[in-house]
Amino acid sequence: MRRLLTLIIFIVLSLIYYFLKFEEFETTKTILTVASFLFAIFTGFFISRQGRRYNNIRATIANFDGDVSALYRIFGHAGAKIKDEAAAIIKSHYDVILKNHAWDYQFTHKSETITKLHTLVDNEKFQSKKWLTRPAMSALNSLQKGRKQMVVLQLERVPAFQWILIIVLCCIMLITLAFLPSLYPIFFALLKGAFGTAIVIVLVMLYEFDRLRFFEGVIGEKSARDVLDIVKGKK
């Protein structure tokens, strides 16, 4: 899909630069140089920042899912009934995430997963096994911290004002390219098209990082399926 998008952008821009030509003015190259410099600085900073955010979210999700798995195994020591109830809560939690392809669904919508797990821990039968209470409460506390971290990280997107700045710089560069002289029309049209494509793809990369869709699949999807496999007894 990305390869097709890149090819389409390249062909469209190359055709535009081949048929659309303007007379060069004195400051054309200066404007292009300054715009390219600023564009590189801002996009480089934002992509780096969103890349760190992506890694932090992935690590936080892994820790959260690990705590859920550990908590499920702890409930397993309290009897089949409590274990089955915990399994139902966990399945409901992850089924919704996978169905909506949204790793953040449970905190952008009302969720009672942690509350219900707390209720299970408060169950008299579970409380009768004192040695299970401490690790269970520790896991629940960790779940709550992980949830708060994911809420904060989910909100750390590129602000609208910064998007406007980057898009304006992108448009300046794409327009300025049309003013550069073309000694060999076809060759220079392809060259400008390649340069313009690179600029647009950088914007696409930043957008996908910002929306946490840079890599294939939904972030945390494999981890969620792993937890479900544990609950279903496959692992």
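Residues numbered from 1 in each chain as written. Predicted model: local features only at pLDDT ≥ 70, side-chain atom pairs only at ≥ 80, totals over all residues. Heavy atoms only, no water.

1. Considering the overall build of the chain
Of the regular secondary structure elements, the chain holds 10 helices and zero strands. Each helix and strand of the chain, ordered N terminal to C terminal, gives the series α-α-α-α-α-α-α-α-α-α. Relative to the compact-globule value of 18 Å for 235 residues, the chain shows a C-alpha radius of gyration of 26 Å, a clear excess of over 25%. When its C-alpha atoms are laid out on the principal axes, the chain stretches across 85 × 30 × 25 Å. Across the 235 residues in the chain, those meeting the buried criterion constitute 38%. Sequence-distant contacts, at least 24 apart, represent 82% of the contacts inside the chain between residues at least 6 apart. Side chains of the chain carry 31 positive and 19 negative charges; the gap between the two charge centres is 4 Å. (Helix = DSSP H or I, 4+ residues; strand = E, 2+ residues; numbered from the N terminus. Rg over C-alpha atoms; globule rule 2.2 N^0.38 Å. Buried < 20%, exposed > 50% of the residue type's maximum accessible area, 1.4 Å probe, protein only. Contact = heavy atoms within 4.5 Å. Lys, Arg positive; Asp, Glu negative; His and termini not counted. Charge placed at Lys NZ, Arg CZ, Asp CG, Glu CD.)

2. Things to note about the nonpolar core
The tendency in soluble globular proteins is for nonpolar side chains to be buried side by side. The biggest cluster of nonpolar side chains holds 61 residues, and the ones touching the most others in it are Phe39, Leu71, Phe75, Tyr94, Trp103, Phe126 and Leu143. When contributions to this core are tallied by element, the ones reaching two or more residues are helix 1 (2-19), helix 2 (28-75), helix 3 (80-100), helix 5 (113-121), helix 7 (130-155), helix 8 (160-177), helix 9 (185-210) and helix 10 (221-231). By residue number, the principal contributor to this core is helix 2, which donates 14 residues. (Core = buried A, V, L, I, M, F, W, Y, C linked by side-chain atoms within 4.5 Å.)

3. Here's the deal with the confidence of the model for the chain
Do not read the predicted coordinates in detail wherever pLDDT is low. The share of residues in the chain with pLDDT of 70 or more is 97%, and the mean pLDDT across the chain is 86. Here helix 6 (residues 124-127) stands out as the element of the chain with the lowest mean pLDDT, 74, in contrast to helix 8, whose mean of 92 is the highest. (pLDDT = per-residue confidence, 0-100.)

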